[in-house]
Amino acid sequence: MTKKRVGVLISGRGSNLQALIEACKAPDYPARIVLVISNVPSAQGLLRAEASLVPALTINHQDFASREEFDAALDLALDEAGVELLCNAGFMRLHSNGFVERWRDRHLNIHPSLLPAFKGLHVHTRVLAEGVKITGTTVHFVRPEMDTGPIVAQAAVSVLPGDTPDSLAARVLNAEHRLYPLALRLVASGAVRVDAELVVGMTQPAGQPPLFSPQLDEAL
Ligand code: GRF
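Read on for a plain summary of the structure.

Rules behind the numbers
- Residues numbered from 1 in each chain as written.
- Predicted model: local features only at pLDDT ≥ 70, side-chain atom pairs only at ≥ 80, totals over all residues.
- Heavy atoms only, no water.
- Pairing = 2+ DSSP bridges.
- Helix = DSSP H or I, 4+ residues; strand = E, 2+ residues; numbered from the N terminus.
- Axes fitted to C-alpha atoms, helices over the stretch in contact; angles between N-to-C directions.
- Contact = heavy atoms within 4.5 Å.
- Core = buried A, V, L, I, M, F, W, Y, C linked by side-chain atoms within 4.5 Å.
- Buried < 20%, exposed > 50% of the residue type's maximum accessible area, 1.4 Å probe, protein only.
- Near = heavy atom within 4 Å.
- Polar contact = N/O pair within 3.5 Å; in protein donor to acceptor, adjacent residues only side chain to side chain.
- 1 Å grid on protein atoms, 1.4 Å probe; cavity = no way out; pocket = protein on both sides within 12 Å on 5 of 7 lines; lining within 4 Å.
- Sits in = over half its atoms within 2 Å of the grid points.
- Phe/Tyr/Trp six-rings, centres within 6.5 Å; stacked < 30°, edge-to-face > 60°.
- Lys NZ or Arg CZ within 6 Å of the ring centre and 35° of its normal.

**As for the sheet that holds strand β5 (residues 107–111)**
Stage number 1. With mixed pairing, 7 strands are arranged side by side in an open sheet as β3-β2-β1-β4-β5-β6-β7. With one partner strand each, in any of the chains shown, β3 (56–58) and β7 (151–158) form the two edges of the open sheet. Strand-to-strand twist of the sheet, defined as the mean angle between neighbouring strand axes without regard to direction, takes the value 20 degrees.
Stage number 2. Taken together, the 3 bridges between strand β4 (residues 85–88) and β5 define a ladder with parallel strand orientation. Paired with Asn88 across the strands is Asn109, a residue of β5.
Stage number 3. Of the strands in this sheet, β1 (4–10), β2 (31–38) and β3 touch helix α2 (residues 44–51), which is tilted by about 155 degrees from β3.

**Side note on the nonpolar core**
Soluble globular proteins: nonpolar side chains tend toward being buried together.
Stage number 1. Of all hydrophobic cores here, the largest spans 44 residues; its most connected members are Val8, Ile33, Leu108, Val152 and Leu184.
Stage number 2. In terms of residue count, helix α6 (residues 165–188) provides more of this core than any other element does, 11 residues in total.
Stage number 3. Those residues in contact with Ile33, other than ones at most four positions away along the chain, are Val6, Val8, Leu17, Leu20, Ile21, Cys24 and Val54.
Stage number 4. Formed by 16 residues, the second largest nonpolar core is a distinct cluster that contains Leu9, Ile37, Leu78 and Val83.

**A word on unusual backbone geometry**
Stage number 1. Cis peptide bonds are those with omega within 30 degrees of zero, and the linkage from Leu115 to Pro116 qualifies with 15 degrees.
Stage number 2. For Pro116, the position within the fold is in the loop between β5 and α5 (123–130).
Stage number 3. The backbone of Leu53 shows a phi angle near 60 degrees, a positive value even though the residue is not glycine.
Stage number 4. Judged by relative accessible area, Leu53 falls into the exposed class, the value being 76%.
Stage number 5. Here the phi dihedral of Asp147 falls at roughly 60 degrees; this positive angle occurs in a residue that is not glycine.
Stage number 6. Locating Asp147 in the fold gives a position in the loop between β6 (134–141) and β7.
Stage number 7. Accessibility expressed as a relative area gives 10% for Asp147, which makes it buried.

**As for the site of the ligand**
Stage number 1. Near the ligand, the surroundings consist of Arg13, Gly14, Ser15, Asn16, Gly90, Ile110, His111, Pro112 and Glu176.
Stage number 2. Here Gly14 contributes a backbone N or O atom positioned 2.8 Å from an oxygen atom of the ligand.
Stage number 3. The side chain of Glu176 places a nitrogen or oxygen atom 2.6 Å from an oxygen atom of the ligand.
Stage number 4. Its atoms largely coinciding with the cavity grid, the ligand occupies the largest pocket.

**What to know about the packing of aromatic side chains**
The geometry of an aromatic ring pair is captured by two quantities: the separation of the ring centres and the angle between the planes.
Stage number 1. Going through the model one piece at a time under the given rule, you end up with 3 aromatic pairs.
Stage number 2. The interplanar angle of 10 degrees and the centroid separation of 6.5 Å between the aromatic rings of Phe70 and Phe91 together place this pair among those described as stacked. Placement of Phe70 in helix α3 (residues 67–80) and of Phe91 in the loop between β4 and α4 (97–102) is noted, with a sequence separation of 21 residues between them.
Stage number 3. Residue classification places Phe91 among the buried positions, given a relative accessible area of 7%.
Stage number 4. Following the ring pairs from residue to residue traces out a cluster consisting of Phe64, Phe70 and Phe91.
Stage number 5. In this structure, Arg106 is placed above the aromatic ring of Trp103, and the distance from its NZ or CZ to the ring centre is 4.3 Å.

This is the structure:
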């Protein structure tokens, strides 16, 4: 099997990066991570990459005069590494439109809500303030507008009485760590593709549900 060459963009903790690194260890996983780039020199995710012998580098956005120049440096590094598919995993910079277009339909992001609800920051605080009973996480193809784009996969997570933003974030993060590898598998294997701004194709790899239900979540 030819494994797709994946680049991962991070800014911090890198727990989703870790989930992708673990998934890529399976011989039948259709992707391998060939480069991790952080825009933050102190990102914990860089240590995770190093510990797993995954090539990683910092490209600090503060070293560039404009978003376009920063994105051009990203592009250069990604091209040099032969990256075919790009995954944002807690990458906290907006991309220029040119960058988004160059990576169109080859670029994924994970967001800790059931999009299109609760785009943007401070998601769990806002979810609790709205009294929402089911939240979750979404993996989607990247488009110029933040947290929009064709949805590959979602996982639902219950909001429980007494939840705080932190307790809810932890439960959603647990779902993220299962969802991102599943979604990347779907895309890297060619099981799904974008058609008219919707993700179409096979919706689940053998034995894996395309989404998780709150009941499943609580059983785990
Ligand atoms: C995750 O909640 C992800 O959905 C959001 O940023 C967070 C990154 O966490 N985009 P980590 O760096 O992967 O641990």
